[in-house]
Amino acid sequence: MELGTMHVNPRYKTDTVLAMKYLELALKQDKTGRVHASYGMLLKGEMPFYQDFGKKLRHSKNDSASTYYLKGAKMGDSFAQACLAQCYFKGVELKQDYQQAKFWVDKVLAHPDTITNIWSKIMAKEMLLEMYEKGLGVKRNLKKVLDIHVADSNWIKVAECYATGYGVKKNAKKATHYYVLALSKKYAPDEDYEKAAT
C-alpha cells in the first residue's frame, strides 16, 4: 500500500500506473483487512496528499470507499469496521442505518485494547455516545452515556453529568469529587465509581 501511495505523493516522482499496480497487489495480498480500509480512505479522499489521486481513482474505477470498508470489515479489521459504521451512521455512500452502525460499532469495541485499535475504538465510542444521547438506533439511555465516560476514565465528563443531572441524579458533592479526581488523576479505573464518589 505504501509503495502505491508513494508514487502519487507530490514529494516523490509520481507514476499513477505504477501506483495502481502496487495498490492492486496490496489489495490481493491483504490478509487482515487493513489495506482495504486504507484503500477506502484513499478513495474517499481522506488521506493527506492523495485527495486528487483518490478522486481520479474513484471516477476511473467507479468505486466507493464503503465497498472496501465492507471487505476489510468482514476480514475483521477494526479500522475498516469503524469506517463502515461511520458510513452507516452518517449516511455517506450508504443509506443511513443506525442498527447497522451499532452492529459494526459493537464489533469494533469487541477488539482488544491495542495500539492498532485505539483510533477505531475512539471513532466507535463517539458514535455510541451520540446514539445513546439522542436515541439513534437504540433506546435513549443517558446512564449508558455516563457508563461509557466512566469506562474511559473521562472524569471531567462524569463530573459534568453529576453537576447537571445528565443521566444521574444531580449531585454537587459527587461532581466536585470527580472534578478533583480529574485534576489529580489519582483515581483507580477499576474501582467502583459510585463507591468512590461517596
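Before any of the text, the structure's been laid out above.
Residues numbered from 1 in each chain as written. Predicted model: local features only at pLDDT ≥ 70, side-chain atom pairs only at ≥ 80, totals over all residues. Heavy atoms only, no water.

(A) A look at the overall build of the protein chain. Looking only at helices and strands, one finds twelve helices and zero strands in the protein chain. Counting from the amino terminus, the protein chain carries its helices and strands in the arrangement α-α-α-α-α-α-α-α-α-α-α-α. The buried share of the protein chain, reckoned over its 198 residues, is 43%. Partitioning the intrachain contacts of the protein chain with sequence separation of at least 6 by distance along the chain shows that 45% fall at a separation of at least 24. Approximately 11300 Å² of the protein chain is accessible, and the part contributed by carbon and sulfur atoms is 55%. (Helix = DSSP H or I, 4+ residues; strand = E, 2+ residues; numbered from the N terminus. Buried < 20%, exposed > 50% of the residue type's maximum accessible area, 1.4 Å probe, protein only. Contact = heavy atoms within 4.5 Å. Areas by Shrake-Rupley, 256 points an atom, 1.4 Å probe, with all protein chains shown as cover.)

(B) Main features of the packing of aromatic side chains. Applying the stated criterion to the full structure yields four aromatic pairs. When the ring of phenylalanine 89 is compared with that of tyrosine 98, the centres are 5.6 Å apart and the planes differ by 70°; the resulting orientation is edge-to-face. For phenylalanine 89, a relative accessible area of 8% corresponds to the buried category. Taken together, the ring pairs in this structure connect Trp155, Tyr162 and Tyr178 into an aromatic cluster. The lysine or arginine in question, lysine 71, covers the ring of tyrosine 68, its NZ or CZ lying 5.1 Å from the ring centre. (Phe/Tyr/Trp six-rings, centres within 6.5 Å; stacked < 30°, edge-to-face > 60°. Lys NZ or Arg CZ within 6 Å of the ring centre and 35° of its normal.)

(C) Highlighting unusual backbone geometry. Notably, glutamate 93 is not glycine yet its phi reads approximately 70°, a positive angle. Turning to its location among the elements, glutamate 93 is positioned in the loop between helix H6 (78-90) and helix H7 (98-109). Classification of glutamate 93 by relative accessible area gives partly exposed; the value is 37%. At serine 153, a residue that is not glycine, the phi angle is positive and equals roughly 55°. Position of serine 153 relative to the elements: it lies in the loop between helix H9 (142-151) and helix H10 (155-164). Residue serine 153 is classed as partly exposed on the basis of its relative accessible area of 27%.

(D) Layout of the packing of helix H8 (residues 118-134) against H9. Orientation of H8 relative to H9, taken along the N-to-C sense of each, is 155°, at an axis distance of 8 Å. When the interaxial angle is binned, H8 and H9 end up roughly antiparallel. Relative to H9, H8 is oriented so that their crossing is left-handed. Taking contact as the criterion, the partners of Leu128, Leu129, Tyr132 and Glu133 in H8 are, on H9, Leu142, Lys144, Val145, Ile148 and His149. (Axes fitted to C-alpha atoms, helices over the stretch in contact; angles between N-to-C directions. Parallel < 35°, antiparallel > 145°, perpendicular 65-115°, else oblique. Left-handed = near helix turned anticlockwise from the far one by under 90°.)

(E) Region of the structure containing the nonpolar core. Counting residues in each nonpolar core, the largest one holds 39 residues, and the members touching the most others are Tyr39, Tyr69, Val105 and Met131. Elements with a contribution of two residues or more to this core: helix H2 (16-29), helix H3 (34-44), helix H5 (65-74), H6, H7, H8 and H9. Counting residues per element, this core draws most heavily on H6, at nine residues. Membership of the second largest hydrophobic core comes to twelve residues, among which are Leu146, Val150, Trp155 and Ala159. (Core = buried A, V, L, I, M, F, W, Y, C linked by side-chain atoms within 4.5 Å.)

(F) Representation of the packing of H10 against helix H11 (residues 172-184) in the model. Running from amino to carboxyl end, H10 crosses H11 at an angle of 165°, the nearest separation of the two axes being 8 Å. In terms of their interaxial angle, H10 and H11 are classed as roughly antiparallel. For the element pair H10 and H11, the recorded crossing hand is left-handed. Only Lys174, Ala175, Tyr178, Tyr179 and Ala182 of H11 make contact with H10, whose side of the interface consists of Trp155, Ile156, Val158, Ala159, Glu160, Tyr162 and Ala163. Its residues assigned to classes, the contact of H10 with H11 comprises ten nonpolar, no polar and two charged. (Nonpolar A, V, L, I, M, F, W, Y, C, P; charged D, E, K, R; others polar.)

(G) Broad picture of a nonpolar patch on the surface. On the surface, Ile115, Ile118, Trp119 and Ile122 cluster together to form a nonpolar patch covering roughly 450 Å² of accessible area. Its location among the elements puts isoleucine 118 in helix H8. Here isoleucine 118 falls in the partly exposed class, since its relative accessible area comes to 43%. (Patch = residues over 30% accessible without salt bridge, like charges linked within 9 Å, V, L, I, M, F, W, Y side chains within 5 Å. Salt bridge = Lys/Arg side-chain N within 4 Å of Asp/Glu carboxyl O.)

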